[in-house]
Amino acid sequence: MRPGDRTVIGFAGNIGCGKSTAAAYFRNFGSRLIEADRIGWRVLNEARDRLQALYGPGILKGGRINRMELRAAVFTDRNKIRRLNRLTHPRLVKLIRDRIRKIKTGMVVIDAALLFDWPDLMADVDHPILVTAPRKIKEHRFSCMSMSFKILQLIHLMKYFQKQENTDSLWR
């Protein structure tokens, strides 16, 4: 990378694989970090009325999306996940792309589990990297997040977490 250039690295991978840890190393050395999860929670709260209509009032707590309740309502059914993604992902991807465009120089690191599912965002990524970890390690990390193993099993079954053909690098 030459002075004055911008390089965008995208970390993708399943929950508990270590992509956020990898991205944090780059942030510690001065890279700008864009975390899709943080932006996604903002998008969810923007769409809370539509989400409440779809998944019921139990997903709200104090007028905001309750993460645990939304997970319980959505992440046990692939069709519900797809519906949620169709509703929120266009806005999420737009916000991430807007942040990238505002950064003119230096290294930008994106932490986004579903990076390979978003072709518009992939067009902005110079170096996509898939981060993986052995299943036992992911299960241990997942258990520390207070989520059910049923959700983890569904996530493991979903197709989009192993799109290695789209990567510049595979990190284990």
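Conventions adopted
- Residues numbered from 1 in each chain as written.
- Predicted model: local features only at pLDDT ≥ 70, side-chain atom pairs only at ≥ 80, totals over all residues.
- Heavy atoms only, no water.
- Axes fitted to C-alpha atoms, helices over the stretch in contact; angles between N-to-C directions.
- Helix = DSSP H or I, 4+ residues; strand = E, 2+ residues; numbered from the N terminus.
- Parallel < 35°, antiparallel > 145°, perpendicular 65-115°, else oblique.
- Left-handed = near helix turned anticlockwise from the far one by under 90°.
- Contact = heavy atoms within 4.5 Å.
- Expected span 1.5 Å × (residues − 1).
- Bend = angle between axes of the 7 residues up to and from the residue.
- Polar contact = N/O pair within 3.5 Å; in protein donor to acceptor, adjacent residues only side chain to side chain.
- Salt bridge = Lys/Arg side-chain N within 4 Å of Asp/Glu carboxyl O.
- Buried < 20%, exposed > 50% of the residue type's maximum accessible area, 1.4 Å probe, protein only.
- Pairing = 2+ DSSP bridges.

The subject of this paragraph is the packing of helix α2 (residues 36-46) against helix α5 (residues 78-102). Two elements in contact, α2 and α5, have axes whose closest approach is 9 Å; the angle formed by their N-to-C orientations is 125°. The orientation of α2 with respect to α5, classified from their angle, is oblique. Of the two possible hands of crossing, α2 and α5 adopt the one that is right-handed. For the pair α2 and α5, the contacting residues are A36, I39, G40, R42, V43, L44 and E46 in the first and L84, T88, R91, L92, L95, I96 and R99 in the second.

Moving on, we get to α5. When the terminal C-alpha atoms of α5 are compared, their 35 Å separation across 25 residues agrees well with the 36 Å that a helix rising 1.5 Å per residue should span. Roughly 45° is the biggest bend found in α5, and it falls at T88, with proline P90 one to four residues downstream. The N-terminus of α5 is capped by D77, whose side-chain oxygen sits 2.7 Å from the backbone nitrogen of N79.

Take the pattern of salt bridges next. Within the structure shown, the criterion is met by 6 salt bridges. Two residues, D124 and R97, come together in a salt bridge whose shortest N-O distance is 2.6 Å. Taken together, the residues span a long stretch of sequence, with D124 in the loop between α6 (119-122) and β6 (127-131) and R97 in helix α5 at a distance of 27 residues. As far as the burial class goes, D124 and R97 line up, both buried.

In terms of burial, strand β1 (residues 6-12) is a largely internal element, 6 of the 7 residues being buried. Pairing of β1 with strand β5 (residues 106-111) involves 6 bridges; the strand directions are parallel. Paired with G10 across the strands is I110, a residue of β5. Pairing analysis gives 4 bridges linking β1 to β6, with the strands arranged parallel. Bridge pairing links I9 to H127 in β6.

By relative accessible area, which is 17% here, D124 ends up buried. Of the polar contacts made by the side chain of D124, one reaches the side chain of R97; its length is 2.6 Å. For D124, the contacting residues outside a window of four places in its chain are V8, R97, I100 and R101.

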